[in-house]
Amino acid sequence: MDSKVAERGALENEKETPQEQEQEQVVNPWEVAAKDGGKIDYDKLIDKFGCQRLDPSLIDRVERLTSRRAHVFLRRGVFFAHRDFNEILDAYERGEKFYLYTGRGPSSEALHLGHLIPFMFTQYLQEAFKVPLVIQLTDDEKFLWKNLTVEESRRLARENAKDIIACGFDIRRTFIFSDFDYVGGAFYRNMVEISKRVTCNQVVGIFGFIGEDHIGKYSFPPVQAAPSFPSSFPHLFSGKDNLRCLIPCAIDQDPYFRMTRDVAPRIGYHKPALIESLFFPALQGETGKMSASDPNSAIYVTDSEKVIKNKINKYAFSGGQDSIEKHRQLGANLEVDIPIKYLSFFLEDDAELEHTKKEYGSGRMLTGEVKQRLIEVLTKLVERHRRARAAVTDELVDAFMAVRPLPNMFN
């Protein structure tokens, strides 16, 4: 069985019985939950989805090819899984270019730290490899799934674009687009090509749609698939249909691109490659990911220093013991401690992180000290982002979203 047929077969067998669904964790683009409120089992997720763990040798190759140290998210396994990332590096080493594609479903006024992670990492990839980037704002998806009007979805897309631009993307290499504004022409032709090659059984198996779901949900996946193909952007990639695409995203987006990778060879394109991240845990514990529906589960880029301090001290789940004497004796359980997990994402200094983990795990450092260091790190990060966002004008958003050639995108 060739790889294309094998992948298509895997898609068609994706559907589980209700009994299996009850026993397993649920991870899809709209829901992330482990059985009985437990932790997400990423090894099981890799087996179920059919992706691969990021090998340390790939991280070494990234450092060699870019002549710079790997991003902290790579070094610490935040981005931990991939599909064909090695082929992207092979092509780059041969002197071939690629482009990046990532996106955001705008359903909240402001982003939280979990939302920032793929954009912070994508900005690093753009800068390190000197490649173009397309960012899809799926305002249509949020209209279809959420109780939002078209107008509100479009407004939130522009507000979220300001936070995305504040991450430091290069306007000479970046095109941001709203589905409501951009879909049509060559992009729509690719959507139709994809739609014709995906059956209802496959969509139900991949995404778990049911008969009561409106047809808008069934028709949306090709919209998220189409940016994987360079011909969807003729103003950028005309005549470059062989260009490869790399998609940085959280692993809950994988179902969209399993479908896309199945279709790609049948319509004459490379399969998009993916590099996928863990979920950023909620303050209350590692039972899923931060939720915009619970403001106390997340740190937002609009939170003040006082709010950040209150949230960390009040809600951040601690692995420390319930008395100082016991803590000094037994130390903290780092596996469940949220402040340590957040520092693992955002504390740049590797030596300081390892020292903190050693001291806290041994009981020599107390929970309050670790939380205070986290408050300092997050306050600095959020304040830096707030200043960058304040400099993003409506005119700058228009410039990033203008349909235009990017003549220096590979230079």
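Residues numbered from 1 in each chain as written. Predicted model: local features only at pLDDT ≥ 70, side-chain atom pairs only at ≥ 80, totals over all residues. Heavy atoms only, no water.

In the nomenclature of an unreviewed UniProt entry, the protein chain is known as Tryptophan--tRNA ligase, cytoplasmic of Lithocarpus litseifolius. Here the protein chain is described in UniProt, under the heading Subcellular location (unreviewed entry), as follows: "Cytoplasm". UniProt's Sequence similarities (unreviewed entry) comment on the protein chain is quoted here verbatim: "Belongs to the class-I aminoacyl-tRNA synthetase family." (UniProt positions renumbered as here; feature names shortened; annotations may be inferred.)

Our next topic: the overall build of the protein chain. Helices and strands together make up the secondary structure of the protein chain, namely 22 helices and nine strands. Compactness check: the protein chain gives a C-alpha radius of gyration of 21 Å against a globular reference of 22 Å for 411 residues, within 12% of the reference. The C-alpha extent of the protein chain, read off along each of the three principal axes, is 65 × 50 × 45 Å. The contacts of the protein chain with a sequence gap of at least 6 include a subset with a gap of at least 24, amounting to 78%. (Helix = DSSP H or I, 4+ residues; strand = E, 2+ residues; numbered from the N terminus. Rg over C-alpha atoms; globule rule 2.2 N^0.38 Å. Contact = heavy atoms within 4.5 Å.)

A word on helix α19 (residues 338-346). Turn by turn, an α-helix covers 3.6 residues, leaving residues three or four places apart pointing in a common direction. In terms of residue burial, α19 counts as a mostly covered element, since nine of its nine residues are buried. The inward-facing, buried residues of α19 abut α5 (72-75), α7 (113-129), α20 (350-362) and α21 (367-390). Capping the start of α19, Asp337 holds a side-chain oxygen 3.0 Å from the backbone nitrogen of Ile340, two or three residues further along. (Buried < 20%, exposed > 50% of the residue type's maximum accessible area, 1.4 Å probe, protein only. Polar contact = N/O pair within 3.5 Å; in protein donor to acceptor, adjacent residues only side chain to side chain.)

Turning next to the packing of helix α12 (residues 200-207) against helix α16 (residues 254-263). In contact at an axis separation of 9 Å, α12 and α16 are set at 145° when each is read in the N-to-C sense. Here α12 and α16 pass one another in a crossing that is right-handed. Contact residues: α12 offers Gln202, Ile206 and Phe207, while α16 offers Pro255, Tyr256, Arg258, Met259 and Asp262. Split by residue class, the contact of α12 with α16 holds five nonpolar, one polar and two charged. (Axes fitted to C-alpha atoms, helices over the stretch in contact; angles between N-to-C directions. Left-handed = near helix turned anticlockwise from the far one by under 90°. Nonpolar A, V, L, I, M, F, W, Y, C, P; charged D, E, K, R; others polar.)

Another point: the packing of α19 against α20. In the contact formed by α19 and α20, the axes pass within 10 Å of each other and the chain directions differ by 170°. Relative to α20, the element α19 lies roughly antiparallel. Along the contact surface, α19 presents Ile340, Leu343 and Ser344, while α20 presents Leu353, Thr356, Lys357 and Tyr360. Among the residues forming the contact of α19 with α20, the class breakdown is four nonpolar, two polar and one charged. (Parallel < 35°, antiparallel > 145°, perpendicular 65-115°, else oblique.)

So, about the pairing of strand β6 (residues 133-137). Counting buried positions along β6 yields five of five residues, so the element is predominantly enclosed. Judged by which residues are buried, β6 turns out to be covered on both faces: Leu133, Ile135 and Leu137 on one side and Val134 and Gln136 on the other are all buried. By the bridge criterion, five bridges tie strand β5 (residues 98-104) to β6 in an arrangement that is parallel. Looking at β6, one finds that Gly103 is bridged to Gln136. In terms of handedness, the path from β5 via α7 over to β6 forms a crossover that is right-handed. With five bridges joining them, β6 and strand β7 (residues 174-178) adopt parallel strand pairing. Each residue of the ladder has a partner; that of Leu133, found in β7, is Thr174. (Pairing = 2+ DSSP bridges. Right-handed = clockwise from strand over helix to strand, strands pointing away.)

Turning next to the pattern of salt bridges. Where charged atoms from two side chains of opposite charge come close, those side chains can pair. According to the stated counting rule, one finds 35 salt bridges in the structure shown. The residue Arg75 makes a salt bridge to Asp350 at a minimum N-O spacing of 3.1 Å. One end of the pair, Arg75, is in helix α5; the other, Asp350, is in helix α20, with 275 residues separating them in the sequence. What makes Asp350 partly exposed here is its relative accessible area of 23%. Residue Lys162 pairs with Glu159 through a salt bridge whose shortest N-O separation is 3.5 Å. With Lys162 and Glu159 both in helix α9 (residues 150-165) and three residues apart, the pair spans about one turn of that helix. Salt bridges sharing common partners tie together Arg158, Glu159, Lys162, Asp163, Arg389, Asp394 and Asp398. (Salt bridge = Lys/Arg side-chain N within 4 Å of Asp/Glu carboxyl O.)

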